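Now for the letters of each chain:
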Amino acid sequence: QVQLVESGGGLVQPGGSLRLSCAASGSRISGNTMGWFRQVPGKQREFVARISSGGISVYSDSVKGRFTISRDNAKNAEYLQMNNLKPEDTAVYYCSAGWPTPFGWGQGTQVTVSS
């Protein structure tokens, strides 16, 4: 029943930062693991990060140390702070609800890292 909407994507230079937001509606997310995935055309959707209902975070090796996932249950939202962005981070980013099989996905927001 949950609907997810991402925002905050855009064009940024290598080494720059971007903050993605995911707003949920239709259902409370406080009891669910929330996550972020990304996808490049022609490639499989790739796991980026997730955060449990208890606040435990897990990151893919490719973003560990650069990205930070967070959530605000009062606002029914999750966030992805992306620092030291690299060209290989360029992708469409999707937020997700539920783990290990997400039951809700956002529409995606484009992140482009280029000089």
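The preceding data block contains the structure.
Below is a summary of the structure that appears in this document. Quick caveat: nothing in here was measured; it's all calculated off a predicted structure.

To continue, consider the pattern of salt bridges. A full pass over the atoms with the stated rule returns four salt bridges. Of the charged contacts, one joins D89 and R38 as a salt bridge, the two residues approaching to 2.9 Å between their closest N and O atoms. One end of the pair, D89, is in the loop between strand 8 (77–82) and strand 9 (91–97); the other, R38, is in strand 4 (residues 34–39), with 51 residues separating them in the sequence. Of the two residues, D89 and R38, neither departs from the other in class, the shared state being buried.

Moving on to the sheet that holds strand 3 (residues 18–25). Two modes of strand pairing occur in sheets, parallel and antiparallel, and in both the strands are linked by backbone hydrogen bonds. With respect to topology, four strands assemble into an open sheet ordered 1-3-8-7, the strand pairing being antiparallel. Edge strands, defined here as strands with exactly one partner in the open sheet, are strand 1 (3–7) and strand 7 (67–72). Strand-to-strand twist of the sheet, defined as the mean angle between neighbouring strand axes without regard to direction, takes the value 15 degrees. The pairing of strand 7 with strand 8 spans six bridges and is classified as antiparallel. Looking across to strand 8, one finds that D72 is bridged to A77.

Moving on to the pairing of strand 9. Burial analysis of strand 9 places six of its seven residues in the buried class, which makes it a mostly covered element. Across six bridges, strand 4 lies against strand 9 in antiparallel orientation. Looking at strand 9, one finds that M34 is bridged to A97. Bridge count for strand 9 against strand 11 (residues 109–113) is three bridges, and the pairing is antiparallel. Looking at strand 11, one finds that V92 is bridged to Q110.

Each value, and the rule that gives it
- Residues numbered from 1 in each chain as written.
- Predicted model: local features only at pLDDT ≥ 70, side-chain atom pairs only at ≥ 80, totals over all residues.
- Heavy atoms only, no water.
- Salt bridge = Lys/Arg side-chain N within 4 Å of Asp/Glu carboxyl O.
- Helix = DSSP H or I, 4+ residues; strand = E, 2+ residues; numbered from the N terminus.
- Buried < 20%, exposed > 50% of the residue type's maximum accessible area, 1.4 Å probe, protein only.
- Pairing = 2+ DSSP bridges.
- Axes fitted to C-alpha atoms, helices over the stretch in contact; angles between N-to-C directions.

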